[in-house]
Amino acid sequence: MGNFDKKLAKFWDIFINNNGYTKVLTGLQNTLLIAVLGLAIGIVIGTLIASIKVMPKYKRLPRILDKICTFYVGLFRGTPIVVQLLVAYYVVLPLLGANMTSINVCILVFGLNSGAYVSEIMRGGIMSVDPGQMEAGRAVGLSYSVTMMKIVVPQAVKNILPTLGNELIALVKETSVVSFVGASDLYVAFSYIGTNSYEFMVPYLVMALIYIVLVMIIAMLVKAMERSLRKSDRHN
Amino acid sequence: MIDIIDLRKSFGNVEVLKGITTTIKEGEKVAVIGPSGSGKSTFLRCLNCMEDPTGGSIIFEGVDLADMKVDINIHRRHMGMVFQQFNLFNNKTVLGNIMLAPLHIRLHDLRMKKLKNVFIRVGNVFRRNKKSLYEINTTRQEIKDEVRENALRLLKRIGLEEKADVYPSTLSGGQKQRIAIIRALAMNPKVMLFDEPTSALDPEMVGEVLDLIKQLADEGMTMVIVTHEMGFAREVATRVLFMDEGQILEEGPPDTFFSNPQNPRAKEFLSKVL
């Protein structure tokens with residue numbers, strides 16, 4: 001470890017003097033942007049899919065929607081996220097002739113991908129809510145969808161919050177593959193520092209530390225949210 | 001008020017209701033009794049289509065509820081239902097539980113009226129005979145205040161106004177059930193359906209719930225009660241339906257039914273429970 005000081009000095013030089021930190025900050029921003037917005041899209045899609053999947057199936061429309069959702073979930077769970085990113089960026093985008101920045105493509109793909117996972121989490125959550133809640137809502141004359149949105153889903157979300165926190169943590173870490181389509185995240189920032197200093201040990205170590213801290217902060221936030229949602233369980 | 005004609009319900013191959021025909025008149029209090037598995041709960045749940053009937057019809061205010069094309073949500077608003085397990089909304093406060101449905105429905109109506117008015121206005125630009133707009137004489141805030149006031153009045157009636165802002169998990173079973181009853185009343189129903197309202201309660205809390213139901217009965221509310229409380233059925237009901245194996249075996253005024261049942265199955269049942 002004799003030359004660790006030298007490595008540290010080299011890293012510091014690039015990090016401070018050659019604007020390495022601005023790259024890290026943009027990288028951090030992009031990582032969080034993709035993970036958080038991706039999860040937000042995922043929750044919307046996931047809730048929709050889960051609601052369709054738990055619908056009573058004796059009419060034709062829910063059955064068709066159910067098939068479509070099963071296909072969607074199979075598609076996005078059955079392929080690696082890197083493959084989805086590459087296909088979206090290099091196949092779908094040119095085919096549609098659409099013009100999107102790589103960050104936006106990443107947000108969309110991560111959203112669609114986590115939608116598939118969140119749908120199963122949400123379905124479990126919805127099924128964990130007492131069916132009497134749905135009956136009571138229907139009995140006072142609210143429609144299926146209104147009861148779902150106002151009564152069942154809020155209770156389901158409370159039950160699945162720890163798992164959703166897991167999903168966000170997984171997303172934060174998975175974003176490290178977005179450089180495949182040219183988006184700059186934390187990994188890109190640190191490998192830039194590494195390449196410019198011909199020295200990878202310290203940058204990647206710092207990168208690992210930042211990921212750990214990030215995940216710890218998210219875990220703390222999720223816990224705080226859980227506490228505030230548990231309000232209705234407290235006996236006072 | 002409710003005409004039930006040859007009502008049938010099957011779950012898979014099991015026929016639970018085998019053709020039930022009866023009429024529930026306005027102001028009547030009908031107690032439905034019978035052994036477990038006789039189909040009495042299913043019968044009650046078919047009345048507001050919580051279970052869709054597989055045959056027959058339920059004519060409520062001139063509309064056949066068993067017809068799948070009917071918008072059941074509109075008619076359910078006139079039929080309050082009280083469950084054995086209370087089913088208060090766990091994510092809402094007591095006041096929120098009572099206000100949710102009336103508030104949502106009235107605000108939704110207001111929104112729809114406003115939306116339709118926009119279309120009519122646009123259409124009127126091209127129409128020779130101008131169409132008149134929907135009358136809107138309340139604001140959102142007025143509706144909110146009104147619904148809230150009504151909910152508080154109902155809470156006061158059962159003496160639980162200090163519980164307005166707590167969550168259901170903090171209440172006793174009896175309190176929950178009484179709140180479930182006034183939650184149904186907040187919709188101003190024309191008939192109340194009770195599905196074994198006291199079966200999940202501690203014995204000491206049965207009284208307070210039955211008292212409230214009796215109050216409603218005295219005020220002239222039409223009600224159908226599935227119950228195992230024979231004393232209560234005898235006291236409150238104006239008519240008793242005895243059901244077994246998906247059929248009504250005997251019906252009549254409680255005095256004659258309880259003192260002198262005709263059907264052998266009813267005799268046997270009463271000898272066990274009385």
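This structure is a prediction, so every number in the text was calculated from the model and none was measured.

Engineer: Looking at this structure, I do not really get the environment of L210 of chain B. What am I missing?
Structural biologist: Looking at the element boundaries, L210 of chain B is found in helix α6 (residues 203–218). The contact partners of L210 of chain B, leaving out residues within four places of it in the chain, are T198, E229 and F232 of chain B.

Engineer: How should I be thinking about the pattern of salt bridges in this particular structure?
Structural biologist: Between side chains of opposite charge, a pair can form as their charged atoms come close. Residue and element names in this part refer to chain B. Overall, the coordinates contain 15 salt bridges over all chains when judged by the stated rule. Residue K214 pairs with E235 through a salt bridge whose shortest N-O separation is 2.8 Å. Taken as a pair, K214 in helix α6 and E235 in helix α7 (residues 230–236) lie far apart in primary sequence, 21 residues in all. Residue class for K214 comes out partly exposed when judged on its relative accessible area of 23%. The class for E235 is exposed, based on a relative accessible area of 53%.

Engineer: Could you clarify how one ought to interpret the side chain of S114 of chain A in this entry?
Structural biologist: Residue and element names in this part refer to chain A. With respect to the helices, strands and loops of the structure, S114 is situated in helix α5 (residues 102–128). A relative accessible area of 0% means that S114 is categorised as buried. Among residues more than four places away in sequence, those in contact with S114 are G38, L39, G42, E167 and L171.

Engineer: Honestly, a positive patch on the surface in this entry has me stumped. Any pointers?
Structural biologist: Residues K150 of chain A together with R111, K114, R140 and K144 of chain B make up a contiguous surface patch of positive charge. For the positive patch, the secondary structure elements donating two or more residues are α3 (94–126) and α4 (140–157) of chain B. Structurally, the position occupied by K144 of chain B is in helix α4.

Engineer: Looking at this structure, I do not really get the sheet that holds strand β4 (residues 55–60) of chain B. What am I missing?
Structural biologist: Strands belonging to one sheet form pairs held by backbone hydrogen bonds; the direction of such a pair is parallel or antiparallel. Residues and elements named next belong to chain B. As summarised here, the arrangement of the 4 strands in space is β2-β1-β4-β5, forming an open sheet in which the pairing is antiparallel. Every interior strand has two partners, whereas the edge strands, β2 (14–24) and β5 (63–64), have only one. The sheet contact formed by strand β1 (residues 2–11) and β2 spans 8 bridges and is antiparallel. When the sheet's bridge partners are listed, F11 is paired in β2 with V14.

Reading guide: rules and limits
- Residues numbered from 1 in each chain as written.
- Chains lettered and ligands numbered in written order.
- Predicted model: local features only at pLDDT ≥ 70, side-chain atom pairs only at ≥ 80, totals over all residues.
- Heavy atoms only, no water.
- Helix = DSSP H or I, 4+ residues; strand = E, 2+ residues; numbered from the N terminus.
- Contact = heavy atoms within 4.5 Å.
- Salt bridge = Lys/Arg side-chain N within 4 Å of Asp/Glu carboxyl O.
- Buried < 20%, exposed > 50% of the residue type's maximum accessible area, 1.4 Å probe, protein only.
- Patch = residues over 30% accessible without salt bridge, like charges linked within 9 Å, V, L, I, M, F, W, Y side chains within 5 Å.
- Areas by Shrake-Rupley, 256 points an atom, 1.4 Å probe, with all protein chains shown as cover.
- Lys, Arg positive; Asp, Glu negative; His and termini not counted.
- Charge placed at Lys NZ, Arg CZ, Asp CG, Glu CD.
- Pairing = 2+ DSSP bridges.

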